[in-house]
Amino acid sequence: CYYLTLITRRAKVGSIGGNGIYTIKSTETFPLKPAEQSPGEAADTDFHTTDPSAMLLNMWNRGKRSVGLGLTNREIAELRYQGLYQVVDLHKNFYFSYTYD
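Trainee: Would you mind going over helix α2 (residues 73-87) with me for this structure?
Mentor: Each full turn of the α-helix corresponds to 3.6 residues, which orients residues three or four apart in the same direction. Its 15 residues place the ends of α2 21 Å apart at the C-alpha level, agreeing with the 21 Å of an ideal helix rising 1.5 Å per residue. Glu 75, Glu 78, Leu 79 and Gln 82 are the residues of α2 that are buried. The buried side chains of α2 occupy one side of the element, clustering within an arc of 95° when seen end-on. Opposite the buried face of α2, by more than 90 degrees, sit the exposed residues Asn 73, Arg 80, Tyr 81 and Val 87.

Written out as structure tokens, the structure reads:
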């Protein structure tokens, strides 16, 4: 699955050579392409949701109910990368500018 993270709130913290420098106050992440469905998942409709947090929770709950977690390698990788991405705090020490490169 691919995701798009949008900055929904920003704050100006300064300028360099007349170019505004901003920090991130809030973000929102959207899945761009839903994860491909395995043949055995056809009846699991709440698994495919537009909310990435709900999708992650559904995958985790489904996995906990299964023997040996019952997740495919793709689902395990998806959970791992989502967890790693959630650890990155874009609200601290991340600055950007629309005009200064």
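Trainee: When you look at the packing of aromatic side chains in this model, what are you seeing that I'm missing?
Mentor: A ring pair, where both rings are aromatic, is described by two values, the distance of the centres and the angle of the planes. Tallied over the entire structure, the rule returns three aromatic pairs. Among the aromatic side chains, those forming a connected cluster through ring pairs are Tyr 22, Phe 96 and Tyr 98.

Trainee: Which parts of the structure should I look at to understand the sheet that holds strand β1 (residues 2-16)?
Mentor: Here we have three strands laid out as an open sheet, ordered β1-β2-β3, and antiparallel in their pairing. Each edge of the open sheet carries a strand with a single partner, namely β1 and β3 (95-96). Here 13 bridges tie β1 to strand β2 (residues 19-33), and the two strands are oriented antiparallel to one another. For Arg 9, the partnering residue across the bridge sits in β2 and is Ser 26.

Trainee: Sorry, what's going on with the pairing of β2 here?
Mentor: Regular strands have side chains that alternate between both faces of the sheet. Between β1 and the antiparallel strand that follows it, β2, lie two residues; Gly 17 among them carries a positive phi value of about 55°. Relative to β3, β2 runs antiparallel, the two sharing two bridges. Within β3, the residue paired with Tyr 22 across the bridge is Phe 96.

Trainee: I would appreciate a short explanation of the environment of Tyr 100 in the present structure.
Mentor: Along the chain, the position of Tyr 100 falls in the segment after β3. Relative accessible area serves as the criterion here: at 43%, Tyr 100 is assigned to the partly exposed category. Remark: the alpha-carbon pair of Tyr 100 and Gly 18, spanning 82 residues in sequence, is separated by 9.0 Å. With residues near it in sequence (within four places) discarded, Tyr 100 still touches Ile 16 and Asn 19.

Scoring rules and cut-offs
- Residues numbered from 1 in each chain as written.
- Predicted model: local features only at pLDDT ≥ 70, side-chain atom pairs only at ≥ 80, totals over all residues.
- Heavy atoms only, no water.
- Helix = DSSP H or I, 4+ residues; strand = E, 2+ residues; numbered from the N terminus.
- Expected span 1.5 Å × (residues − 1).
- Buried < 20%, exposed > 50% of the residue type's maximum accessible area, 1.4 Å probe, protein only.
- Arc of directions from axis to C-beta.
- Phe/Tyr/Trp six-rings, centres within 6.5 Å; stacked < 30°, edge-to-face > 60°.
- Pairing = 2+ DSSP bridges.
- Contact = heavy atoms within 4.5 Å.

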